[in-house]
Amino acid sequence: MHLLPTLTWLVDAAADSTGADRLLADLGAHLVADGVPLAAGSLTLEVPHPLIAKRTWLWRAENGRVIEALGFAPGGLAPDPPNDAGRRWLRDIAGGEVHEDLVGRPDGPLLGWIGPRPFTADETEQLRQAARFAATPLAVLAARATLRATLDAYLGKRSAERVLAAPLRRDLGETIQAALLYADLRNFTLLSETTPPAGVIAALDAWFDRIAGAVHAFGGEVLKFIGDGVLAIFPVVGASARQACDAALRAASAAEAGMTYLNAERRAQNLPPLAFGAALHLGEMLWGNIGAANRLDFTAIGPAVNLASRLEGLCKPLGRTVLVSGALAAETDMPLVALGSHSLRGIAAPCEVFALPEKQAPIS
């Protein structure tokens with residue numbers, strides 16, 4: 001059977017595309033080479049993501065460029081029509097009617113095209129054939145995207161990259177240096193015993209939004225949610241640890257500010273405020289796979305992690321929200337308050353402890 005070059009490419013090579021954006025651009029270029037007059041095209045995919053409901057890419061025939069829009073699905077609200085963004089874009093470019101084809105299953109990807117003039121019957125059939133042949137490579141790309149998005153959501157971007165790049169085996173990891181942030185809520189047991197489950201989950205989500213949001217804003221990565229606790233890392237890049245340490249300090253300060261605003265909102269709703277403690281430390285850790293023979297976890301372990309956890313336990317007795325180890329304090333010029341040397345449970349050597357400066361109350 002003789003196939004047009006576009007269809008041959010879809011069968012033989014399209015699944016090797018680096019992403020949906022590249023597939024759309026190459027498909028558009030192949031269709032133009034096969035004689036279909038195109039001004040632009042769009043591709044819309046649903047994606048597994050905690051915040052993003054769908055992704056839409058727009059390809060311009062005149063320059064081959066691809067741009068992207070994200071469709072967000074807020075809780076409780078119906079998402080936009082499946083290809084609304086793509087359809088609007090295409091009409092803005094050329095006007096007229098947009099030709100659309102559903103690819104594969106009823107809830108599958110949508111391909112949209114628009115030309116400088118209405119498509120003929122033969123051209124419309126070429127576009128429909130291309131959509132049918134695109135089902136398999138798009139399914140391959142969607143499966144890859146689903147795996148990557150799922151790992152990103154549960155492990156974090158850097159850890160997901162590491163997992164995807166290595167075999168699924170125990171004892172595979174690497175020693176890295178990083179600034180660590182370990183934080184947890186105060187009096188969470190009391191909160192969980194005196195608050196309905198929905199209220200507990202809402203409080204945890206609000207707390208994690210503030211602390212994780214601050215970590216991600218300054219280039220760190222949340223490695224673990226441990227009950228009401230968080231373990232985050234700011235890997236050291238290059239010979240100097242200063243950038244990672246400064247980022248961790250700024251993240252802790254931002255989280256403190258975020259919790260202040262959250263607690264103002266909670267008081268306005270007659271809810272108790274949420275107190276937390278956080279510890280920052282700089283050290284080496286093993287970053288990789290641990291677990292049983294057929295059930296793995298990707299995490300960081302080592303003395304540095306233990307010290308950060310023990311240091312956080314001093315926040316309450318010392319009356320501080322954020323404590324900093326001497327190892328991290330030595331790598332930054334940011335202002336800190338020395339609190340002396342303290343013994344930490346399970347840690348052989350005493351630890352020099354510092355704190356973020358207390359924020360001054362506003363003058364009334």
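Basis of the calculations
- Residues numbered from 1 in each chain as written.
- Predicted model: local features only at pLDDT ≥ 70, side-chain atom pairs only at ≥ 80, totals over all residues.
- Heavy atoms only, no water.
- Helix = DSSP H or I, 4+ residues; strand = E, 2+ residues; numbered from the N terminus.
- Contact = heavy atoms within 4.5 Å.
- Phe/Tyr/Trp six-rings, centres within 6.5 Å; stacked < 30°, edge-to-face > 60°.
- Buried < 20%, exposed > 50% of the residue type's maximum accessible area, 1.4 Å probe, protein only.
- Axes fitted to C-alpha atoms, helices over the stretch in contact; angles between N-to-C directions.
- Parallel < 35°, antiparallel > 145°, perpendicular 65-115°, else oblique.
- Nonpolar A, V, L, I, M, F, W, Y, C, P; charged D, E, K, R; others polar.
- pLDDT = per-residue confidence, 0-100.

S.K.: What exactly am I supposed to notice about unusual backbone geometry here?
M.R.: Here the phi dihedral of asparagine 187 falls at roughly 55°; this positive angle occurs in a residue that is not glycine. Inspection of the secondary structure puts asparagine 187 in the loop between strand S6 (173-185) and helix H7 (188-194). We note that asparagine 270 has phi near 60°; this positive angle belongs to a residue other than glycine. Residue position: asparagine 270 is located in the loop between helix H9 (242-268) and strand S9 (276-292).

S.K.: Help me understand the environment of valine 103 in this model?
M.R.: Tracing the sequence through the fold places valine 103 in the loop between strand S4 (99-102) and strand S5 (110-114). Sequence spacing of valine 103 and leucine 185 is 82 residues, and the spatial spacing of their C-alpha atoms is 47 Å. Beyond its immediate chain neighbours, meaning those up to four positions away, valine 103 contacts Gly108, Pro109, Leu111, Ala131, Ala134, Ala135 and Leu138.

S.K.: Explanation requested: the packing of aromatic side chains in the structure shown.
M.R.: Given two aromatic rings, their pairing is described by the distance between the two centres and the angle made by the two planes. According to the stated counting rule, one finds five aromatic pairs in the structure shown. With a centroid separation of 6.5 Å and 35° between ring planes, the pair formed by tryptophan 207 and phenylalanine 208 is classed as tilted. Neither residue differs from the other here; tryptophan 207 and phenylalanine 208 are each classed as buried. Where phenylalanine 208 meets phenylalanine 225, the ring centres are 4.4 Å apart and the plane angle is 50°; that geometry is what we call tilted. A residue pair is termed long-range when its members are at least 10 positions apart, and phenylalanine 208 in helix H8 (residues 197-217) and phenylalanine 225 in strand S7 (residues 221-226) qualify at 17 residues. Looking at phenylalanine 225, the relative accessible area reads 47%, which means it is partly exposed. Taken together through their ring pairs, the aromatic side chains of Trp207, Phe208, Phe225 and Phe276 make up a single cluster.

S.K.: Just to check I follow, could you spell out the packing of helix H4 (residues 121-133) against helix H5 (residues 135-155) for this structure?
M.R.: Between two packed helices, the angle of one axis relative to the other and the distance separating the axes together describe the packing. Where H4 contacts H5, the two axes come as close as 4 Å, and the packing angle between them is 45°. By the angle between their directions, the pair H4 and H5 is classed as oblique. Contacts from Ala131, Arg132 and Phe133 in H4 reach Ala135, Thr136 and Pro137 in H5. Of the residues contributing to the contact of H4 with H5, the split by class is four nonpolar, one polar and one charged.

S.K.: It is not clear to me how the confidence of the model for the chain should be interpreted in this structure. Could you clarify?
M.R.: Parts of the model with low pLDDT should not have their predicted coordinates read in detail. Predicted confidence across the chain gives a mean pLDDT of 87, with 92% of residues reaching 70 or more. The model gives residues 75-82 a pLDDT under 50, and that stretch makes five contacts with residues more than four places away or in other chains. The low-confidence segment residues 360-364, where pLDDT is below 50, has zero contacts with residues more than four positions distant or belonging to other chains.

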